[in-house]
Amino acid sequence: MAKKPRKKAPKPTPKETAAKAKKPKHPDMEIPFLKNVLVLIALFFLTYYLVGNVKGYKWLQERFIEGNLNKLEKFADLTTDQKYQAYFRFNHQFLTFIRDNTADTAIIYMPPDSVLDVEDKKSAFYTKKRSNSVQHKTWSTYHIYPRKLVYDREKEEIPSFDQYTHVACVDGWGYEYLEYDVPKQQRARYQVLPRTVKGLKAMNEREKNQAQ
Amino acid sequence: MTLIHLIVLFLCGFGLMNLISPKFGLLEKIGFSFPLAHGLVTLLMLPYDLLGIPITLTSLYIPQLLVIAFVGGWLFYKQQLPQAVRIQDWNKAKSFGFLSINLPWIFLMSILGYLLYVVIAKAMFWPTISFDSVAGYDFVGKMIAIEGKVNGSMFDPDLPFYSIRSGYPLYVPGGFGYAYLMGFDSSKITTVLLILSTVVMYYALLLNYVKHTMAALFTTLFITTTEYIAMSALSLSNVPHTFLAVAAVVTIFIWMDKRDHRYFWLGVIFMALNVWARSDGIVFIAGTGLSLLLFAYQEKKWKELIIFGAVSGAAFMIWQVYLSGTLGITNDGVFVDHLFWDGEKFDRMTDLIWRVITNTQFYGVAMIVIPIGILANFRTIHKQHYHLLIAILVSWLAYTALYYQMDNGGENFGYSLKSMINSSYKRGMFAIIGVLYFYVGISPMTQKLSQLIIEPGNPFKPKQ
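Residues numbered from 1 in each chain as written. Chains lettered and ligands numbered in written order. Predicted model: local features only at pLDDT ≥ 70, side-chain atom pairs only at ≥ 80, totals over all residues. Heavy atoms only, no water.

A.B. asks: Let's hear about the overall build of chain B: which residues, and what values?
C.D. replies: Tallying secondary structure elements over chain B gives 21 helices and 0 strands in all. Its C-alpha atoms give chain B a radius of gyration of 22 Å, within 12% of the compact-globule value 23 Å for 464 residues. With the C-alpha coordinates of chain B rotated into their principal frame, the extents come out at 80 × 60 × 50 Å. Within chain B, the fraction of its 464 residues that count as buried is 59%. Pairs at least 24 apart in sequence give 77% of the contacts found in chain B among residues at least 6 apart. Just so you have it, chain B exposes about 18600 Å², and 67% of that area is on carbon and sulfur atoms. Side chains of chain B carry 30 positive and 24 negative charges; the gap between the two charge centres is 16 Å. (Helix = DSSP H or I, 4+ residues; strand = E, 2+ residues; numbered from the N terminus. Rg over C-alpha atoms; globule rule 2.2 N^0.38 Å. Buried < 20%, exposed > 50% of the residue type's maximum accessible area, 1.4 Å probe, protein only. Contact = heavy atoms within 4.5 Å. Areas by Shrake-Rupley, 256 points an atom, 1.4 Å probe, with all protein chains shown as cover. Lys, Arg positive; Asp, Glu negative; His and termini not counted. Charge placed at Lys NZ, Arg CZ, Asp CG, Glu CD.)

A.B. asks: An account of the packing of helix 2 (residues 33–53) of chain A against helix 6 (residues 103–125) of chain B is requested, with residue identities and associated values reported.
C.D. replies: With their axes 8 Å apart at the nearest point, helix 2 of chain A and helix 6 of chain B run at an angle of 30° to one another. Judged by the inter-axis angle, helix 2 of chain A sits roughly parallel to helix 6 of chain B. From helix 2 of chain A, A:Asn36, A:Val37, A:Val39, A:Leu40, A:Leu43, A:Phe44 and A:Thr47 reach across to helix 6 of chain B, where they touch B:Leu103, B:Pro104, B:Phe107, B:Leu108 and B:Ile111. Residue composition of the contact of helix 2 of chain A with helix 6 of chain B, by class: 10 nonpolar, 2 polar and no charged. (Axes fitted to C-alpha atoms, helices over the stretch in contact; angles between N-to-C directions. Parallel < 35°, antiparallel > 145°, perpendicular 65-115°, else oblique. Nonpolar A, V, L, I, M, F, W, Y, C, P; charged D, E, K, R; others polar.)

A.B. asks: Quick one: what's the story with the packing of helix 1 (residues 2–20) of chain B against helix 3 (residues 57–77) of chain B, residue by residue and with numbers?
C.D. replies: Any two packed helices are characterised by the angle at which their axes cross and by the distance between the axes. Residues and elements named next belong to chain B. Relative to each other, helix 1 and helix 3 sit at 45°, their axes nearing to 9 Å. The orientation of helix 1 relative to helix 3 falls into the category oblique. Where helix 1 crosses over helix 3, the two elements pack in a sense that is left-handed. Along the contact surface, helix 1 presents Ile4, His5, Val8, Leu9, Leu11, Cys12, Gly15, Leu16, Asn18 and Leu19, while helix 3 presents Leu57, Tyr61, Gln64, Leu65, Val67, Ile68, Phe70, Val71, Trp74 and Leu75. Of the residues assigned to the contact of helix 1 with helix 3, the class counts are 16 nonpolar, 4 polar and no charged. (Left-handed = near helix turned anticlockwise from the far one by under 90°.)

A.B. asks: Which residues make up the packing of aromatic side chains, and what values go with them?
C.D. replies: Ring pairs (aromatic) are described by centroid distance and by the angle formed between their planes. Taken as a whole and judged by the stated rule, the model has 53 aromatic pairs over all chains. On the basis of an interplanar angle of 35° and a centroid distance of 6.0 Å, the ring pair of A:Trp59 and A:Phe64 is categorised as tilted. Residue classification places A:Phe64 among the buried positions, given a relative accessible area of 1%. When the ring of A:Tyr84 is compared with that of A:Phe88, the centres are 6.4 Å apart and the planes differ by 25°; the resulting orientation is stacked. A residue pair is termed a helical-turn pair when its members lie 3 or 4 positions apart in one helix, as A:Tyr84 and A:Phe88 do in helix 4 (residues 80–100) at 4 residues. Through a chain of ring-to-ring contacts, three or more aromatic side chains come together here, namely A:Phe75, A:Tyr84, A:Tyr87, A:Phe88, A:Trp139, B:Phe125 and B:Trp126. For the cation-ring pair, B:Lys258 lies above B:Tyr209, with the distance from its terminal atom to the ring centre recorded as 4.4 Å. The ring of B:Tyr297 carries B:Lys300 above its face, with NZ or CZ at 4.6 Å from the centroid. (Phe/Tyr/Trp six-rings, centres within 6.5 Å; stacked < 30°, edge-to-face > 60°. Lys NZ or Arg CZ within 6 Å of the ring centre and 35° of its normal.)

A.B. asks: So, the pairing of strand 4 (residues 190–194) of chain A: which residues are in play, and what are the values?
C.D. replies: All names here are of chain A. With 5 of 5 residues buried, strand 4 is to be regarded as a mostly interior element. The side-chain alternation of strand 4 yields two buried faces, one formed by Tyr190, Val192 and Pro194 and the other by Gln191 and Leu193. Bridge count between strand 3 (residues 166–170) and strand 4: 5 bridges; the pairing is antiparallel. Its bridge partner lying in strand 4, alanine 168 is registered against valine 192. (Pairing = 2+ DSSP bridges.)

A.B. asks: With reference to specific residues and values, describe the interface of chain A and chain B.
C.D. replies: By convention, interface size is frequently given as the accessible area that disappears when the constituent parts associate. The partner chain B presents 62 residues to the 52 residues of chain A that form the contact. Regarding the contact of chain A and chain B, the summed buried area is about 5400 Å², with carbon and sulfur atoms giving 72% of it. Where chain A meets chain B, there are 9 residue pairs in polar contact (both at pLDDT 80 or more). Within the residue set of the side of chain A that touches chain B, elements represented by two or more residues are helix 2, helix 3 (55–74), helix 4, helix 5 (137–144) and strand 2 (148–151) of chain A. Per element, the largest residue contribution to the side of chain A that touches chain B is 11 residues, and it comes from helix 3 of chain A. (Buried area = accessible area lost by both parts, 1.4 Å probe. Polar contact = N/O pair within 3.5 Å; in protein donor to acceptor, adjacent residues only side chain to side chain.)

A.B. asks: Any details on the sheet that holds strand 3 of chain A? Residues and values, ideally.
C.D. replies: Residues and elements named next belong to chain A. Read across the open sheet, the 4 strands follow the order 2-1-3-4; overall the sheet is mixed. Because the sheet does not close on itself, it has two edges, and the strands there are strand 2 and strand 4. The mean inter-strand angle of the sheet, taken between neighbouring strand axes irrespective of direction, is 25°. Contacting strand 1 (107–110), strand 3 and strand 4, helix 4 crosses the sheet at an angle of about 25° to strand 4.

A.B. asks: Residue-level account of the side chain of B:Arg262, with values.
C.D. replies: Residue and element names in this part refer to chain B. Relative to the elements of secondary structure, arginine 262 occurs in helix 13 (residues 261–277). With a relative accessible area of 17%, arginine 262 lands in the buried category. Excluding anything up to four places from it in sequence, arginine 262 contacts Ile20, Ser21, Lys23, Phe24 and Glu28.

A.B. asks: Quick one: what's the story with unusual backbone geometry, residue by residue and with numbers?
C.D. replies: The linkage connecting A:Tyr145 with the following residue, A:Pro146, adopts the cis geometry, with an omega of 15°. Mapped onto the secondary structure, A:Pro146 falls in the loop between helix 5 and strand 2. One non-glycine residue with positive phi stands out, namely A:Arg89, at about 45°. Within the element layout of this structure, A:Arg89 appears in helix 4. In this structure A:Arg89 comes out as exposed when scored by relative accessible area, which is 60%. Positive phi is not limited to glycine here, since B:Gln79 has a value of about 55°. Residue placement: B:Gln79 occurs in the loop between helix 3 and helix 4 (81–84). Here B:Gln79 falls in the exposed class, since its relative accessible area comes to 71%.

Below is the structure:
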């Protein structure tokens, strides 16, 4: 079969070529040069005005952007625990101590609120927000999870209260709940100890192994 | 390895978007992918928990891979793969030349980019410290990742350690749990992905109505809402919820406005996910539902109204039943269980709300731009986009009514009205601000302004 001669497309007129060349590839994005520059200048001054005069944007610039970037540089070498302690101080430090000295399955008996005093400025646990303190059960459990906590104030409410395996001893409180005696000179101000003699032996064994 | 898990999560969401419709724009697909995949993963956690299937990376990975394989195979069979990845959008972007540079757009995007950089840097540097997350979402997420179930040791009636914040629906805590399962040290990767998705989604949805410069302007205005950006680096539930609520309300509106059915399905899914993140998201079901009711009456589209109500209502109810039936947590005492009128409370509340919403420290210029925008379009308010305005105002009203109904200072709910308005209510406003900015952003006056800025020639000169 003979091939059909291909029809040549008519040459575009100079007017058509010029129109094609001028047609923007992205009509959505392109704006005329003068408008482009003028709108940029207007936006720049508007932003400058807003950042200088609207308190929210001023805060964004000074506290959120500059403040945070400075903090990130300053605290770059901190570990996760140190970052927490930068916020929650001794409240977190004490919980980290409990976490590091108990097994994952431990249930820790926590002192009453009068001992974990968060309101007294002289107390190591002092904080303005009670919710972010050792007094708050869920908040505290988060930092030691999967270990669990039972509080002295819950004695009557929780059916399995007596299942605790450790006691958090604070300022002399708690030694009376251990099944063995701790000589007074060996009683630290902040301590977490196993409830039973068996637990104490296991703890001593573990410490010995770690030291070796 | 964590990067591969994220890619799988993204591809799963991308696949789901194509399953709804391959016709969505590339930016829409990118913006919706992570939140949609998060929705699937967290929805699966509930039946797994009820059926005793351990929640692990593998058990959640398999359905994602199945989605990717199924959608990939289906698109290949239908020869729609190029459309699914929107090759035309990539080609358009590639042919972008130096002369096409839009300086205002670059300026606005630079502001957004820099802000997002600070958000990501801050979020990934600090561990979870926000109380609501420590005592709630992040803790539940951690427990799901370690124990492989939702009904874990936290809810053990013998030794419980849950708080009022542990009872939130699974979208946020489950998403945090999945972050831990993927191997991240911090669950904040979830918040970061969702704030990035919010920017892309918002921008992409605006492009349905306005050009790039205006879309960039209104996205910047919304994202720079001071309190919103401040909270976005924390692992609170409000930032993810903002994505879901804004996406739901806006996509349902786009369906009503453009009669494009794919947006209806997207809207229904995200309206369900909105209550899968926060139960108070029900106010958006109420607002959009009422607007939809009006639309259904006008257009005789009752089927869609029923689907909307059934799907989003089911998501709300399923969690409530699980919460009280399985976990044994009830909201008793949080709300007054009958309607009442307390003029003093109403006055105090409106005063507190006024102080919060007009404070530029919290919402920047939102409460200046939005009222001006609405007033400027007052002449066409009943003609254009009024379904969206109805949805927003009714949602806002319902949201405010929810706070009025709270039993502040009651036996089971110790928080005062002032503290609730100054914290919780304030954060819940993010989604309302987002949709209000959207409404103003697509209004006729903004389109005129867009014409003035972007299009060549004098916009006030009549077109020949």
